[in-house]
Amino acid sequence: MRWFVRIVVILLLLAGIVAGAIYGTARLSLPDYNGNVKVASPLVGPVEILRDRHAVAHIRAATRSDAAFGLGYAHAQDRLWQMEFQRRVAAGRLAEVFGSQALNTDTFIRTLGIRRKAVAAFAALQPETQNYLQAYANGVNAFLQNRSGPLPPEFLVFDITPEPWTPADTLGWLKMMSWDLGGNWGNELARLGLAQRLSKQQIEEFFPPYPGDAPVALADMTDLYCDVATGIDVEGLLRLLPPPRADGIGSNNWVVNGKRTVTGQPLLANDPHLGLTTPAIWYFAHMASPAGAVIGATLPGVPGVILGHNGRISWGFTNTGPDTQDLYIERLDPADPTRYLTPDGSAPFTLRQETIAVRGSDPVTITVRETRHGPVISDVHEASRRLVGTGYVLAFSWTALRDDDTTADALANLDTISDWTGFLNNFRRYVSPQQNVVYADREGNIGFLAPGLVPIRKPENDLKGLAPAPGWDARYDWAGFIPFDQLPRSYNPPGGMLVTANHKIVPDSYPHFITSEWAEPYRARRIEQLLRERPIHSVESFKQIQGDTVSLMAAEILPLMLGAQLKTSPRNAELAAAHAMLMGWDGAMAASRAEPLIFQAWYRELTRLVLADELGEAFGQLWRHRPLLMKNILSNADGQSRWCDNIATGTRTSCATLIAEALDMALDDLKNRYGSDLARWRWGDAHFSHAPHRPFSNNRYLRQLFEIRVPTPGDTFTVNVGQNSLADEREPFSNRHAASLRAIYDLADLNRSQFMHSTGQSGHVLSPNYADFAAPWAAVQYIPMSMRPGDIEAGARGRLVLRNE
């Protein structure tokens, strides 16, 4: 026994020594924020990187390009693994590090040709932008060349060394951002699949029109496709292809003029809603040179401030959500299956080969086919080829795959704009993704523009991008793009305010089709309501709006649910207690309350009971909140309560019966998850921020160390948004998409502007700035970010100076 104890003690000591060595090595990989560093790249003058008390990087340089060099260096110091992972995603090179489990993702990205298109886009950029991107890459590479300690822990775990950074790495990530903000192709596939299961009327009901709009007239796909529709296994394709965009991915921005503020100058607010990650997608920085200055949110891997102000103007983005992606069913030439049919006859595929390195396995070579519309995505897997059926392929058209994508020109020059005219001229070169950009300047002007390439659909196109189109029919080809001067815009509107929240931004009289799939207008209505409640606004009132958690969706749907008679059950007291709690609830999705959790669980079970039988195997992929559909069903609009009937048994079932049953099921589920005491349930405990670290969140032990989680309020439809996935059986209430950034700009003194993002400035798990923003972000608190030297240097964390060798 004594020997056993000694062995255990020795093993524990050895484990402690190993753990200490790992910790010590990891500590050595933390960047040094102080000192003088000589770099090989030619700088016009010294570049100073000063980290303020919040670790925000303030960069002073002799030229704009030198400032971009400094930002590249700072990004590499603080977010190197994030940048490495992102560029591997865009290049389709994840399998080199993670093995065969990443091969499907790489194959899809290689099929799209993201990296190839990034290289092509660089050639289309203005020389000044090319130099700017190269200067940034030089800054990243200077850090790689000059680092004295080990790389961050993720590099050590996977035993990889980063290659030199290139401008194509930057442009590739911009295209992946555009991908994240697109995704209407998923609904196209879904409609095609539903055509095999539901009637045309049911499909139109399942995808209801935007409130106030006429129902979307959908072409009869059974007649249109004939044998094609029945040969495509849509559910199988949706399982194989990357998931489409989820609910809640959008943003809020609004601006009011000086007549509505305490200072007499405009106020502008912005909170882009993106998938939460650890570290955050954003990095705060200030770049200054004799050519000008800019401060705000940057994207690691990309030079320049994407969202912020330059001392003269401020701006904020939300996603327009245009239909810039189309799927085409291409028919193979029966006489020669190496060709496909076009309106002008048979044409050859464009072919290219891609070789994907796979860790632990032999390289995999794929052949990518492209049609005149774009890459054939049904070739991504052997299984997907079979799912499309014999004699056809599925091609993908997307504005971001153009060789002349000059979006980077517009983003790189935001610091140079001084007025509305310059703002408009700058965004003429913006391609994708289309954004609603609100604007304010120091002269008191406010405005809005929605730049980006949006395809023009022909009048005879009866699909309007809502379902895959026959590629051999010229009716469905794009007829150019909406001219820039005809894109939505507004300047100094009479009402003195502008709001965009992914809702419909054009009047019915607008001559062009942008999309019929605008986001539900709950957030926009709530923002407008709160703006009108006060005649005069301040930074503080804007903070309150950004933190608002009243769900107009819950306020609209809950009364329709509460009207149903409770189910007779041995647990009548429990059901009655839950019902009574919701009867007195004001719809605020507060983290400290039980009512939001009960409502969400009840609504979740109700959507399952109402929709699962009609959708069958497609239900899992299409399980969303869909409040417009549920409102129509529960209020029996045009007889839509028939969705409550039991399709499996062929019996009529009232919606009231399903509502009562859903509450019973919801309470069972919540008790299993959170215990039997309703009074102790808290929305925040279930609705924590789900911000995965890539890839360590896939390991249950490493997840505890690297992933940042905090309780959060809100829901998919509140201004303070927090989107949860009903289809996630393990964590159906966790907050996956939220305000990745909050910013408020005070045009009376832009140095009083306020910012916050969701984690911290550092991507290094041992840094004190890895998670220091998380709790303040969840509480809707802010940090000031100023360009004034005195504000910057008070409590500064470090000063690093880069000089030529």
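On a predicted model such as this, the values are computed, not experimentally measured, just so you know. (Residues numbered from 1 in each chain as written. Predicted model: local features only at pLDDT ≥ 70, side-chain atom pairs only at ≥ 80, totals over all residues. Heavy atoms only, no water.)

Visitor: How would you summarise the overall build of the protein if you had to cite specific residues and measurements?
Guide: Counting its regular elements, the protein contains 28 helices and 26 strands. Its C-alpha atoms give the protein a radius of gyration of 27 Å, within 12% of the compact-globule value 28 Å for 805 residues. Reported as C-alpha extents along the three principal axes, the dimensions of the protein are approximately 80 × 80 × 70 Å. Relative to its full complement of 805 residues, the protein shows a buried share of 61%. (Helix = DSSP H or I, 4+ residues; strand = E, 2+ residues; numbered from the N terminus. Rg over C-alpha atoms; globule rule 2.2 N^0.38 Å. Buried < 20%, exposed > 50% of the residue type's maximum accessible area, 1.4 Å probe, protein only.)

Visitor: Residues and numbers for the packing of aromatic side chains, please.
Guide: Inspection of the entire model under this criterion finds 34 aromatic pairs. Ring centres 5.6 Å apart and planes at 55° place the aromatic pair Trp 254 and Phe 542 in the tilted group. Of this pair, Trp 254 sits in strand 4 (residues 251-256) while Phe 542 is found in helix 18 (residues 539-546), placing the two residues 288 residues apart along the sequence. Residue class for Trp 254 comes out buried when judged on its relative accessible area of 0%. For Phe 542, a relative accessible area of 0% translates into the label buried. Taking the centre distance of 6.2 Å and the plane angle of 45° together, the rings of Phe 284 and Phe 773 count as tilted. (Phe/Tyr/Trp six-rings, centres within 6.5 Å; stacked < 30°, edge-to-face > 60°.)

Visitor: Account for the environment of Asp 379, with residues named and values stated.
Guide: Note on placement: Asp 379 falls in the loop between strand 14 (364-370) and helix 14 (382-388). Residues Asp 379 and Glu 661, spaced 282 residues apart in sequence, show a C-alpha to C-alpha distance of 44 Å.

Visitor: Explain unusual backbone geometry to me, and be specific about the residues and the numbers.
Guide: For the bond from Ser 432 to Pro 433, the omega torsion is 0°, close enough to zero to count as cis. The residue after Arg 694, namely Pro 695, is reached through a cis peptide bond having omega 15°. By the element assignment, Pro 695 lies in the loop between helix 25 (683-686) and helix 26 (700-706). Backbone geometry places Lys 464, a non-glycine residue, at a positive phi of 50°. In this model, Asn 502 sits at a positive phi of 70°, which is unusual for a non-glycine residue. Secondary-structure assignment places Asn 502 in the loop between strand 20 (497-500) and helix 17 (522-533).

Visitor: Report on the nonpolar core, specifying residues and quantitative values.
Guide: Here is a general trend for soluble globular proteins: nonpolar side chains tend to be buried in one another's company. Within the largest apolar cluster, 152 residues are counted, with the highest numbers of intra-cluster contacts made by Phe 423 and Phe 427. Per element, the largest residue contribution to this core is 13 residues, and it comes from helix 2 (residues 64-91). Beyond its immediate sequence surroundings of up to four residues, Phe 423 is in contact with Ile 313, Ile 417, Val 437, Tyr 439 and Leu 449. Judged by nonpolar contacts, the second largest core, of 59 residues, contains Met 553, Ala 601, Leu 622 and Ile 659. (Core = buried A, V, L, I, M, F, W, Y, C linked by side-chain atoms within 4.5 Å. Contact = heavy atoms within 4.5 Å.)

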